[in-house]
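Understanding the architecture of this molecule
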Amino acid sequence: MDPRPAIITTRFQHIKTVIAVASGKGGVGKSMIATTLALTLTKQGHQVGLFDLDVYGPSTHLILGTPPTLQPTEDKGIIPPQVHGLSFMSPVFFTHGKPTPLRGPDITNMILELLAITQWGPLDYLILDMPPGIGDETLDVIHYLPHCTFLVVTTPSKVVQGAVDKLLDILQELHHPILGVLENMTIYNSRTKDTITKRNLRYLGSLPYDPSLETAVGKPDQILTTPFGQALKKLLPTIERYAASASSNR
Amino acid sequence: MHEWALAESILAAAETTATHEHLKTVTELSINLGELQQIDRSILRFALKALASELPCFKNVKFIFKTEKSHFTCNVCAHTWNYTDLKKKLGADEAEAIHFIPEAMLAYARCTKCGSPDFHITKGRGVTLTTVKGT
């Protein structure tokens, strides 16, 4: 018997709200939204953790600009290091940025190990940066973290929306909590809001396509002052309200 | 000391099994230690004993450990090799990363025959609870 799943509930018992930032498609800004959301919540005085679950292509450490020597400490498990006021965990601490070609069972094993041995302690929010799609990582989070709520990221692109629909279909089929859908990289009025509300889901709002964002990568304080960062801050009360409602339904 | 976290998971799993099997007292736990994770058996035993002493159903439990040799198979050429072959090529930081997350070896190791990074861990990965005995 694999003993690790038995301890996951204990590891998460002092975390009030877990939000998985996910999408059906890559390149829609999930990692930037997850990191900026975590930083913004931290600035509001919350205890926040950021957990990068993109095991092939973790990138939140680049957005945060963490030093290459940063590592978790060991004390009855592994303790996430503090970065810009938040607790941060990433597979990059163990793969050191090298390509790690994982097949299905390896992905689940890596996620299970991190869930079982990471000692987060008390948090108001744990933000999960998910990889794209409905593969192992998404299914593992749905399975092992049944109370986490999904914040699904889309863009006005029809190509993206087709893939996002598949993720939403699966989450709704499994009756998994969905916080809502956030539209990123908006440059024109799209019909996303209509599509989402027709599904009886919440449209959380839109974030602008922001060419200045790339220069802010690695500089968290600068990210928060970009038009993107400011727009996300304006949506925070909505996100917090629906996240609180998701937590109270636990 | 992340052995402590693993000890907690072993006892949590054993407790669930004991409840399911209607066991009031657990007398013996058999634990398989995959060679790849390089678990310190004495630390794990210490942690298990300390944690078990706080749980009435584990008061007199006996822990039996068995190490499982690790085994890897290349998905390209089907070559197989083991941890002894791998260990020679690992630095201290890499070995420590594998100790925490055994799958990290896929970042550092290659098939010893064809050099492919596409291989899998066939045996001896990590910790498993093999038997829960009780009354």
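As the structure is a computational prediction, the values presented were derived from the model and not from experiment.

Cut-offs used in this document
Along every chain, residues carry numbers that run from 1 in the direction the sequence is written. Think of it this way: whatever chain is written first is A, whatever ligand is written first is 1, and the rest follow in order. At least 70 in pLDDT is required for a residue's local features to be given in this predicted model, at least 80 for side-chain atom pairs to be given and counted, and no such filter applies to totals for whole chains, interfaces and linings, which use all residues. Only heavy atoms go into the side-chain values, all of them from the structure, while hydrogens and water stay out. Axes here refer to lines fitted to C-alpha atoms; in helices the fit is confined to the stretch in contact. Angles between the N-to-C directions go from 0 to 180 degrees. Numbering of helices and strands runs from the N terminus, with a helix taken as a DSSP run of H or I at least four residues long and a strand as a DSSP run of E at least two residues long. Under this scheme an angle from 65 to 115 degrees is roughly perpendicular, one under 35 degrees roughly parallel, and one over 145 degrees roughly antiparallel; angles in between are oblique. What makes a crossing left-handed is the near helix being turned counterclockwise from the far one by less than a right angle; a clockwise turn instead makes it right-handed. Only heavy atoms matter for contacts: two residues are in contact if any of them lie within 4.5 Å across the pair. Residues are grouped as follows: nonpolar covers Ala, Val, Leu, Ile, Met, Phe, Trp, Tyr, Cys and Pro; charged covers Asp, Glu, Lys and Arg; every other residue, Gly included, is treated as polar. Counted as salt bridges are all cases of a side-chain nitrogen of Lys or Arg within 4 Å of a carboxyl oxygen of Asp or Glu. Relative accessibility thresholds used throughout: buried, under 20% of the residue-type maximum; exposed, over 50%; partly exposed, between the two (1.4 Å probe, protein chains only). Here the buried area means the combined drop in accessible surface, using a 1.4 Å probe, for two parts upon being joined, counting both sides. Any pair of N or O atoms that falls within 3.5 Å is considered a polar contact. Within protein, one atom must be able to donate a hydrogen and the other to accept it, and sequence-neighbouring residues count only if both atoms are side-chain atoms. We treat two strands as partners when DSSP finds at least two bridges between them. Only the six-membered ring of Trp is used, alongside the rings of Phe and Tyr, when aromatic pairs are assigned; centres must lie within 6.5 Å, and planes under 30 degrees apart are stacked while those over 60 apart are edge-to-face, with the rest tilted.

This next bit is on the packing of helix H5 (residues 104-117) of chain A against helix H6 (residues 136-144) of chain A. Residue and element names in this part refer to chain A. The geometry of H5 relative to H6 is characterised by a closest axis approach of 9 Å and an angle of 40° between their N-to-C directions. The angle between H5 and H6 places the two elements in the oblique class. Here H5 and H6 pass one another in a crossing that is right-handed. Taking contact as the criterion, the partners of Gly 104, Ile 107, Thr 108, Ile 111, Leu 112 and Leu 115 in H5 are, on H6, Asp 136, Glu 137, Asp 140 and Tyr 144. The residue inventory of the contact of H5 with H6, partitioned by class, reads 5 nonpolar, 2 polar and 3 charged.

Time to look at the pattern of salt bridges. Under the definition given, this model contains 12 salt bridges over all chains. When the shortest N-O distance is used, the salt bridge between Arg 4 of chain A and Asp 2 of chain A registers 2.6 Å. Given a relative accessible area of 29%, Asp 2 of chain A falls into the partly exposed group. Residues Glu 103 of chain B and Arg 125 of chain B are paired through a salt bridge, measuring 2.5 Å at the closest nitrogen-oxygen approach. Of this pair, Glu 103 of chain B sits in the loop between helix H4 (92-100) and helix H5 (105-108) while Arg 125 of chain B sits in the loop between strand E5 (119-123) and strand E6 (127-134), and the two are 22 residues apart along the sequence. Each member of the pair, Glu 103 of chain B as well as Arg 125 of chain B, carries the same accessibility label: buried. One continuous salt-bridge network, built from bridges that share partners, spans Asp 2, Arg 4 and Glu 113 of chain A together with Glu 103 and Arg 125 of chain B.

Next up on the list: the interface of chain A and chain B. Across the boundary between the two partners, chain A contributes 27 residues, which contact 32 residues of chain B. Both faces combined, the contact of chain A with chain B buries some 2600 Å², and carbon together with sulfur accounts for 64% of it. Across the pair Glu 113 of chain A and Arg 125 of chain B runs a salt bridge whose closest N-O atoms are separated by 2.9 Å. If you look at where chain A meets chain B, you find 9 residue pairs in polar contact (both at pLDDT 80 or more).

Residues and elements named next belong to chain B. Strands sit in the order E4-E3-E5 across an open sheet of 3 strands; the sheet is antiparallel. A strand with exactly one partner marks an edge of an open sheet, and here the two such strands are strand E4 (80-81) and E5. Relative to E4, strand E3 (residues 71-74) runs antiparallel, the two being bridged by 2 bridges. By the bridge assignment, Thr 73 is partnered in E4 with Thr 80.

This part covers the packing of aromatic side chains. All names here are of chain A. Counted according to the given criterion, the structure contains 6 aromatic pairs over all chains. Their ring planes at 55° and their centres at 5.4 Å tell us that Phe 51 and Trp 120 sit as a pair that is tilted. Taken together, the residues span a long stretch of sequence, with Phe 51 in strand E2 (residues 48-52) and Trp 120 in the loop between H5 and strand E7 (123-129) at a distance of 69 residues. With relative accessibility at 7%, the residue Trp 120 sits in the buried group.

For the rest of this paragraph, the subject is the sheet that holds E2 of chain A. Residues and elements named next belong to chain A. Read across the open sheet, the 8 strands follow the order E5-E6-E2-E7-E1-E8-E9-E10; overall the sheet is mixed. A strand with exactly one partner marks an edge of an open sheet, and here the two such strands are strand E5 (82-83) and strand E10 (203-208). Here 5 bridges tie strand E8 (residues 149-154) to strand E9 (residues 178-186), and the two strands are oriented parallel to one another. Each bridged residue has a counterpart across the sheet, and for Val 153 the counterpart in E9 is Leu 182. Sheet strands in contact with helix H2 (residues 30-43) are strand E1 (15-22), E2, strand E6 (86-89), E7, E8, E9 and E10, and its direction is about 165° off that of E7.

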